[in-house]
There are 2 protein chains.
Amino acid sequence: MSNPIDFYFDFSSPYGYFGAVEIGKLAAKYGRQVNWHPILLGPIFKNIGTNSLVTIPVKGEYSRHDMGRTARFHNIFFKEPSNFPIGTQVAARAALWVQEQQPAKAVDFIQTIYSAYFTEDIDISVPASVLRIAGDLGIDHAALEAALGTQEIKDKLRQATEDAMQKGVFGSPFVIVDGEPFWGFDRFTQLEAFLKNGKI
Amino acid sequence: MSNPIDFYFDFSSPYGYFGAVEIGKLAAKYGRQVNWHPILLGPIFKNIGTNSLVTIPVKGEYSRHDMGRTARFHNIFFKEPSNFPIGTQVAARAALWVQEQQPAKAVDFIQTIYSAYFTEDIDISVPASVLRIAGDLGIDHAALEAALGTQEIKDKLRQATEDAMQKGVFGSPFVIVDGEPFWGFDRFTQLEAFLKNGKI
C-alpha cells in the first residue's frame, strides 16, 4: 500500500483552494489517499518572518491578477472574495472537528467551505456561515457550534499548525509525499511526475 | 510585427537562469523577439520590504532543493554554485555594456555568464571571471574593463533597475509581453498559452 499524500492548506489561500480542487483527482489517479491538514499560515509566517503575498506592495497586486489567471488557465471556477484575506481559525477548527466526529463528511466539508469562499463570496470567517454549510451537509452543527467554543479544539489547531511547521511546511498548499515536499499549486506538475515515476 | 517579450533577470537567480535557457526558444516558436533586461533584485527587494528566498529559514532549504529538482524536471543542466547568492553588479553592468557596444554578442554573453555560474560553479561576482568570459566570446574585454569602472555604467544599471521597478517587476525571472506580467519560471506554461492564444 502506497503512503498517503499529506496535503496542508489554509482556507484563506486561493492556491490552497486550487490545490484542494485537484489533489483528490491526482491522488486517485496514482492510487494514493489524501490526508487533509487544515492549518493556519499566520503563526507560520510570523515564525519565519515573512508575510502574506497580498500584503506586499506591487507583489500583492500582481498576485491578485495571477489568482484569476491561474484559475482560468486550469479551468477552475473562481471569484475573488470581497473580504480577502481573512482569519480562518473557525473554518480550520471546524474542519478538524468534522474529521474527528464525522470523518466520512470531512473532505466534502473542506471542499464546500473552500468553494463557498472562493466561488460564492461567502465570508467563512463568520462562524454562522461555517455552521450553515455544516448543517447543509448533514453535519451536527449544534454539536459543532458547542465544540468551536472549547479550549480543546483551539489547542488541536495550534498543535496541527505546529506539527506542520515541524515537518517544514511554510505555505499553502504544501504537499509532502514519501518525504518529498512540494510548495505551491504550481508544483503540481512536478508532484504528478513524482507520483508517476517515484522520483524527479 | 508582434511586440517583443521583455525578460527581466538577476544573474544570481537560478530560476532566472532557467528562464534564460528557455525564453529564446519560446519567443522563436511564437515569432517574438526578446528584450533582455539585466537588473539587480537587491534594491527591488529593499524597496518592497522582502528578502531573497534562500535567506528565509525553512523556505531557503526548501528552495535549494526545489532548484535542483526543477532543473531535472525541465532537463536543464544545473549545479548549485558553492558561493550563492552573490552580488551581480559587475555581471549586470557588463551585460548592459555588451548590449550597447557589441549587441550581436549580447545574448550569447548573457547565457554564457549564466551557465558559467550555474553549471560550472564559476564565481561571476569576480570581475576577472566576467572579463575572461567576454574575451572568450571575442568581446573587447579591455574596453569592457575600463567601462566597468565608470560612473556612467553604474548609473545605467541603477536606471535599468528603477525602470523595471516602475513597470512592476519585483522578481526574477519576470516577463512582460503585450502588457501582461508573468513572475517566475513556473509561469512559463501560462506565458506560452498567452503567446499562443493572445489571452488566458
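It should be noted that the structure appears before, not after, this text.
Residues numbered from 1 in each chain as written. Chains lettered and ligands numbered in written order. Predicted model: local features only at pLDDT ≥ 70, side-chain atom pairs only at ≥ 80, totals over all residues. Heavy atoms only, no water.

Engineer: An account of the interface of chain A and chain B is requested, with residue identities and associated values reported.
Structural biologist: Listed as interface residues are 28 residues of chain A and, on the opposing side, 28 residues of chain B. Note on chain A versus chain B: buried area summed over both sides is about 2700 Å², and carbon and sulfur give 60% of it. Three residues, A:Tyr62, A:Arg69 and A:Phe73, lead the burial of chain A against chain B; their summed loss comes to 22% of the area buried on that side. Put simply, chain A and chain B have six salt bridges between them. Across the pair A:Arg187 and B:Asp186 runs a salt bridge, and its minimum N-O distance is 3.0 Å. Put simply, chain A and chain B have 18 residue pairs in polar contact (both at pLDDT 80 or more) between them. Elements with a minimum of two residues in the side of chain A that touches chain B: α3 (59–73), β4 (180–183) and α9 (188–197) of chain A. The element contributing the most residues to the side of chain A that touches chain B is α3(A), with eight residues. (Contact = heavy atoms within 4.5 Å. Buried area = accessible area lost by both parts, 1.4 Å probe. Salt bridge = Lys/Arg side-chain N within 4 Å of Asp/Glu carboxyl O. Polar contact = N/O pair within 3.5 Å; in protein donor to acceptor, adjacent residues only side chain to side chain. Helix = DSSP H or I, 4+ residues; strand = E, 2+ residues; numbered from the N terminus.)

Engineer: A description of the sheet that holds strand β1 (residues 5–9) of chain A should follow, citing residues and the corresponding values.
Structural biologist: Pairing is mixed in the open sheet, where four strands are placed in the order β2-β1-β3-β4 (chain A). Lying at the two open borders of the sheet, with one neighbouring strand each, are β2 (34–38) and β4 of chain A. Strand after strand, the sheet turns through a mean of 20° between neighbouring axes, direction not considered. Alignment of β1(A) against strand β3 (residues 174–177) of chain A, held across three bridges, turns out to be antiparallel. In the sheet register, A:Phe7 faces β3(A), and the bridge partner there is A:Val175. Helix α3 (residues 59–73) of chain B rests against β3 and β4 of chain A of the sheet, and its axis sits at about 100° to β4(A). (Pairing = 2+ DSSP bridges. Axes fitted to C-alpha atoms, helices over the stretch in contact; angles between N-to-C directions.)

Honestly, it's all geometry; don't read function into it.
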